[in-house]
Amino acid sequence: MFGAQGRAVHQCDRGWAPVFLDREQSISLMSVGFLLEKPDEAVVWRGPKKNALIKQFVSDVAWGELDYLVVDTPPGTSDEHMATIEALRPYQPLGALVVTTPQAVSVGDVRRELTFCRKTGVRVMGVVENMSGFTCPHCTECTSVFSRGGGEELARLAGVPFLGSVPLDPELTRSLEEGHDFIREFPGSPTFAALTSIARRILDATPTCLP
């Protein structure tokens, strides 16, 4: 998505230097993929080794001054999620942004993640419903392919903000796969409006999330 395949991580006097995505070094990235010898290599590690690497990514990377640190985790409530929370806790993280798709199976999984956040003391900044209908690239009409409203209902029952819905969009998929800037290339897309609205709501709510 960022066009950073094949980039290498280097050591500096403050630890690992992250991969910078622009000349201004305004966006930096760290991934276990940068540490693999081959891109198709599988990471077959047991819990303690994975948890140690997560802690290193937080404390041993020369992040510098950051506006935001975004940690993208897979679905679930595993040891890796616990390790991430414990590594970030000293830095008082703002909270978790929870993403679901409309189907009941996905909503059920995410409901457990909300429970996980409550038990671990992590604020839930809000719920986003992804794949919420299909946007036709010709007429821009949105059709509910799976279902619709599961994320909003989940947020209502959990008592957390519902931040918005993002439809399926072939242009967004193509942009992500080819590393293009969807925001600049398709400013008139309904998906652009949805993403912008969600981002704005997160930014507007950030000060109220601070301890």
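What counts as what
- Residues numbered from 1 in each chain as written.
- Predicted model: local features only at pLDDT ≥ 70, side-chain atom pairs only at ≥ 80, totals over all residues.
- Heavy atoms only, no water.
- pLDDT = per-residue confidence, 0-100.
- Helix = DSSP H or I, 4+ residues; strand = E, 2+ residues; numbered from the N terminus.
- Domains from an automatic or database assignment.
- Contact = heavy atoms within 4.5 Å.
- Buried area = accessible area lost by both parts, 1.4 Å probe.
- Salt bridge = Lys/Arg side-chain N within 4 Å of Asp/Glu carboxyl O.
- Polar contact = N/O pair within 3.5 Å; in protein donor to acceptor, adjacent residues only side chain to side chain.
- Nonpolar A, V, L, I, M, F, W, Y, C, P; charged D, E, K, R; others polar.
- Buried < 20%, exposed > 50% of the residue type's maximum accessible area, 1.4 Å probe, protein only.
- Phe/Tyr/Trp six-rings, centres within 6.5 Å; stacked < 30°, edge-to-face > 60°.
- Core = buried A, V, L, I, M, F, W, Y, C linked by side-chain atoms within 4.5 Å.
- Pairing = 2+ DSSP bridges.

The name an unreviewed UniProt entry gives the protein is NUBP iron-sulfur cluster assembly factor 2, cytosolic, with Macaca fascicularis as the organism.

K.L.:
Kindly report on the confidence of the model for the protein, identifying the contributing residues and their values.
P.N.:
Summing up the model confidence of the protein, the mean pLDDT is 87 and the portion of residues at 70 or higher is 98%. When mean pLDDT is taken per element in the protein, strand β5 (residues 96-100) scores highest with 94 and strand β7 (residues 142-143) scores lowest with 78.

K.L.:
Break down the domain arrangement of the protein for me, citing the residues and quoting the values.
P.N.:
Its domain assignment divides the protein into domain 1 (8-89) and domain 2 (94-210). At the interface, 8 residues of domain 1 touch 8 residues of domain 2. With both sides pooled, the region where domain 1 packs onto domain 2 buries about 630 Å², and carbon together with sulfur makes up 73% of that total. Sorting the residues of domain 1 by area buried against domain 2 places Tyr68, Thr77 and Ile85 first, and these three jointly supply 62% of that buried surface. On inspection of domain 1 and its partner domain 2, the count reaches 0 salt bridges. Linking domain 1 with domain 2 are 2 residue pairs in polar contact (both at pLDDT 80 or more). For the side of domain 1 that touches domain 2, the per-class residue count stands at 4 nonpolar, 3 polar and 1 charged.

K.L.:
Before we move on, could you go through the side chain of threonine 101 and cite the residues and values that matter?
P.N.:
Of note, threonine 101 is situated in the loop between β5 and α3 (104-120). Overall, the relative accessible area of 15% leaves threonine 101 in the buried class. At a separation of 2.8 Å, a polar atom in the side chain of threonine 101 contacts the side chain of glutamine 103. In terms of polar contacts, threonine 101 uses its side chain to reach the side chain of serine 106, at 3.0 Å.

K.L.:
Please give an account of the packing of aromatic side chains that cites residues and values.
P.N.:
In the structure shown here, the tally under the stated rule is 2 aromatic pairs. Summarising the aromatic geometry, the rings of tryptophan 16 and phenylalanine 57 are spaced 5.9 Å apart at their centres and angled 65° between planes, so their arrangement reads as edge-to-face. Of this pair, tryptophan 16 sits in strand β2 (residues 15-17) while phenylalanine 57 sits in helix α1 (residues 47-59); the two residues are 41 residues apart in sequence, bridging distant segments of the chain. Overall, tryptophan 16 belongs to the buried group, its relative accessible area being 14%.

K.L.:
Any chance you could break down the environment of arginine 201 for me, citing the residues and the numbers?
P.N.:
Relative to the helices and strands, arginine 201 resides in helix α7 (residues 190-209). Not counting residues up to four positions away in its chain, the partners in contact with arginine 201 are Phe162 and Leu163.

K.L.:
An account of the nonpolar core is needed here, citing residue identities and associated values.
P.N.:
Counting residues in each nonpolar core, the largest one holds 15 residues, and the members touching the most others are Val98, Val124 and Val127. Per element, the largest residue contribution to this core is 5 residues, and it comes from α3. Ala4, Val19, Phe34 and Trp63 belong to the second largest nonpolar core, which has 10 residues in total.

K.L.:
Account for the pairing of strand β6 (residues 124-135), naming residues and giving values.
P.N.:
Summarising burial for β6: 9 of the 12 residues are buried, a large majority. Relative to β6, β5 runs parallel, the two being bridged by 5 bridges. By the bridge assignment for β6, valine 98 is matched with valine 127. Taken together, the 5 bridges between β6 and strand β8 (residues 162-168) define a ladder with parallel strand orientation. Across the sheet, residue asparagine 130 finds its bridge partner in β8, namely valine 166. Strand direction decides the pairing type here: β6 and β7, joined by 2 bridges, are antiparallel. Looking across to β7, one finds that phenylalanine 134 is bridged to threonine 143. Following β6, the chain reverses through 6 residues before pairing antiparallel with β7; threonine 140 in that reversal takes a positive phi of roughly 65°.

K.L.:
Could you give an account of the pattern of salt bridges, with specific residues and numbers?
P.N.:
This model, assessed by the stated rule, comprises 8 salt bridges. Where arginine 200 meets aspartate 204, a salt bridge forms, and the shortest distance between an N and an O atom there is 3.7 Å. Of the two residues, arginine 200 and aspartate 204 both sit in helix α7, 4 residues apart, roughly one turn of that helix.

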